[in-house]
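Overview (structure and organization)
Residues per chain, in single letters:
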Amino acid sequence: MKVSDHILERLREWGVEHVFGYPGDGINGLLAAWGRAGNRPRFIQSRHEEMSAFEAVGYAKFSGRTGVCVATSGPGAIHLLNGLYDAKLDHVPVVAIVGQTDRTALGGSYQQEVDLPALFKDVASDFCGTVTVPQQLPNVLDRAMRVATARRTATAVIVPGDVQELEYEAPEHAFKMVPSSLGLGRSVVVAADEDIERSAEILNAGERVAVLVGQGARDARPEVEQLAVLLGAGVAKALLGKDVLPDTLPYVTGAIGLLGTRPSYELMRDCDTLLVIGSSFPYSQFLPEFGKVRAVQVELEPSMAGLRYPFELNLVGDAKATLQRLIPLLHHKTDRSWRENVERQTARWWEVMERRAAVSADPINPEYVVHALDGLLPDDVILAADSGSAANWYARHLRLRGDMRGSLSGTLATMGSGVPYVIGAKFARPDRPAVALVGDGAMQMNGLAELITVAKYWTQWRDPRLVVAVLNNRDLNQVTWEMRALEGAPQFEESQRLPDVPYAAFARELGLDGARVDEPDGVESAWRQALTGDRPFVIDFRTDPAVPPIPPHATLDQIANVAGAMVHGDSDRASVVRQGLKAKVQNLLPGGKSKG
């Protein structure tokens, strides 16, 4: 047995079923071993190593298991970085196995020689190991798997090409040998009793309690619901926690932050007590004003506790186990006026969303595209949104319910992750339908090539439905609107305009299916066709770039900036428009106040 054979055997013993990768001579030994192993674990070939890493992230997010990706030395390893950073920043377990030039050439400025330990020093900061002799292998690979799983992060294993070809030798019972073992026993961390009792006192004393949940609360859905009922609380969700609670619950206010909803903004603005569960939501300006409320946090990772807000108490522990011990200490609040107000504002928000989706546009309102999908979503759908304006509509218009799952690149917010995410999801759950919402910029960046990956593998999925919806507005829309709102600058067309591409026609050329939709009347029927199809489907929605993803909490100055910036090439007229709109809106506000 060679070292390369043992790597695959060890991965199988860890229960790894899929490895996402791209070939290269730096991993020739591993590729030969895959042939000898009958493709176990399965090698899933992407079109680019970055996509391999993203697919491993999507697999990990939607399976609850550790994703594994593989790449060759030099350029292949470099290409992995963006996907691995996505895993690290979103706290997703991914292990990267990368080749390296032969040991005899290291330090000789050899072809494709890169200082890989230095390259991965940050992204795999919790563990990055290089195998230089066969006896190292079990320990290095086991630690990479164990650390990635336990700390929910990216780790890396570097194996030079000549080491892959050596005969495997197990570590001996001898000095300076490091034996290893498989597996990671599950442990549950729970906060100390006195801290839980103090947090109960804080929450019981509050009259207007707000809860913010993130992905760390996903396994605690029943407990969060029970807590919210007892406290009469409203619950907002960080984007990575969008699938923690159903949006159909009347007290769930939806997403928070730049892409959030108005009731979530008001929930944080008006509460007197805040409980954050399993979230490292970074934008503190969307949390209550400092010193205004009492706040408690439940966080599993000690290094993330206490961030973002001056919490009165930080409970370090598993969300489900901690809430199970906290709930018996909470009092049922008899005054439900706060909860009733939250529910009224949330119901009103969904009415506003319906009206916004109904606004006419040229040719199609992107909000209508996503709003129309909401009622058609299969109960077991897996959703991914790419970064850009598509993420706005995903956050605000889709009501996740039941067993639906959804995610995006939350912390890194990288473009081009949507399509590889759902590919990874289909290998994690081949029995469930998947939908990716992507802008045309992200589709041109990564999605088009990965349709080839979809075409290569889709017949192996039990449920063949994978829908890619392209919001085709020929504009890098999110940046365009940010320039207008934040800078008061018009669109810089050389950087923002995109070529029009026949996305659906390209899909059909690959043996998939697709449709181009140019008018609102065709939106719902296209969704129905795609969601009932017998193969993956690409919908090219021609959407209006002039529909702004302005947040519901935008300031009057930002709205005025947008209006002025849209008057191209005429600074005097822009100034007049900006000031005129500001004056008109100001007159509509109570007391002429310009806040909010």
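As a starting point, this report considers the structure included with it. Keep in mind that what you see is a predicted model, and the values were worked out from it rather than measured. Going along each chain's sequence as written, the residues are numbered from 1 onward. Residue-level local features of this predicted model are given only where pLDDT is at least 70; pairs of side-chain atoms are given and counted only at 80 or more, and the full residue set underlies all totals for whole chains, interfaces and linings. As a rule here, side-chain values cover all heavy atoms of the structure and leave hydrogens and water aside.

Next up on the list: the packing of helix α3 (residues 49–63) against helix α16 (residues 418–428). Lines are fitted to the C-alpha atoms to define the axes, a helix being fitted only along its stretch in contact, and any angle between axes, read from their N-to-C directions, falls within 0 to 180 degrees. Only DSSP runs of H or I reaching four residues or more are called helices, and only runs of E reaching two or more are called strands; each is numbered from the N terminus. Closest axis-to-axis distance for the α3/α16 pair is 7 Å, and the angle between their directions is 50°. Accordingly, the angle class assigned to the pair α3 and α16 is oblique. At the point where α3 passes α16, the crossing takes the right-handed sense. Listed contacts from α16 to M51, F54, E55, V57, G58, Y59, K61, F62 and S63 of α3 are P420, Y421, I423, G424, A425, F427 and A428. Side-chain classes are defined by residue name, with Ala, Val, Leu, Ile, Met, Phe, Trp, Tyr, Cys and Pro counting as nonpolar, Asp, Glu, Lys and Arg as charged, and the others, Gly among them, as polar. Here the contact of α3 with α16 is built from residues that sort into 11 nonpolar, three polar and two charged. The labels follow the angle: roughly parallel below 35 degrees, roughly antiparallel above 145, roughly perpendicular from 65 to 115, and oblique for the rest. Put simply, a crossing is left-handed when the front helix is turned counterclockwise from the back one by less than a right angle, and right-handed when it is turned clockwise. Contact criterion: two residues are considered in contact whenever any of their non-hydrogen atoms come within 4.5 Å of each other.

Among the nonpolar cores identified, the biggest contains 55 residues, and L84, F120, M443 and V468 are the most heavily contacted of them. If you tally residues by element for this core, the top one is α3, at eight residues. Setting aside residues no more than four positions away along its own chain, L84 makes contact with A53, C69, V94, A96, F120, V123 and A154. Remark: nonpolar core denotes a set of buried residues (Ala, Val, Leu, Ile, Met, Phe, Trp, Tyr, Cys) joined through side-chain atoms within 4.5 Å. Type-normalised accessible area, obtained with a 1.4 Å probe on protein chains alone, sets the label of each residue: buried when under 20%, exposed when over 50%, and partly exposed for intermediate values.

Excluding glycine, most residues fall at negative phi; most peptide bonds, likewise, are trans. P41 follows R40 through a cis peptide bond whose omega is -5°. Locating P41 in the fold gives a position in the loop between α2 (28–36) and β2 (42–45). A cis amide bond links D362 to the next residue, P363, at an omega of 0°. Here P363 shows up in the loop between α13 (337–357) and α14 (366–374). Positive phi, normally seen in glycine, also occurs at R152, with a value near 50°. Note that R152 resides in the loop between α7 (137–151) and β6 (154–160).

Moving on: the state of the cysteines. In this description, the term disulfide denotes a pair of cysteine sulfurs within 2.5 Å. Here the structure, examined in full by the defined rule, presents zero disulfides. With no disulfide of its own, C69 lies 12 Å from the sulfur of C128, the closest cysteine sulfur. On the accessibility criterion, C69 (0% relative accessible area) is buried.

For the rest of this paragraph, the subject is the sheet that holds strand β17 (residues 513–517). The sheet built from six strands is open, its strands ordered β14-β13-β15-β16-β18-β17 with parallel pairing. The sheet is open, and its two borders are formed by β14 (405–408) and β17, each paired with just one other strand. With strand direction ignored, the average angle separating the axes of adjacent strands in the sheet is 15°. Where strand β13 (residues 382–385) lies against strand β15 (residues 434–439), four bridges are found, and the strand directions are parallel. Each bridged residue has a counterpart across the sheet, and for I382 the counterpart in β15 is A434. Running over the sheet, helix α17 (residues 440–457) touches β15, β16 (466–472) and β18 (537–542) and is turned about 155° from β16. The criterion for strand pairing is that DSSP finds at least two bridges linking the strands in question.

In a beta sheet, neighbouring strands are held together by backbone hydrogen bonds and run either parallel or antiparallel to one another. The parallel open sheet is built from six strands, whose spatial order is β2-β1-β3-β4-β6-β5. Every interior strand has two partners, whereas the edge strands, β2 and β5 (128–130), have only one. Across this sheet, the average inter-strand angle for adjacent strands is 25°, counted without regard to direction. The pairing of strand β1 (residues 18–21) with strand β3 (residues 67–71) spans two bridges and is classified as parallel. Paired with F20 across the strands is C69, a residue of β3.

Looking at where W461 falls in the secondary structure, it is placed in the loop between α17 and β16. Residue classification places W461 among the buried positions, given a relative accessible area of 6%. Sequence-wise, W461 and P433 are 28 residues apart; in three dimensions their C-alpha atoms are separated by 9.8 Å. When sequence neighbours within four positions are dropped, the list of residues in contact with W461 reads K426, F427, P430, V454 and L466.

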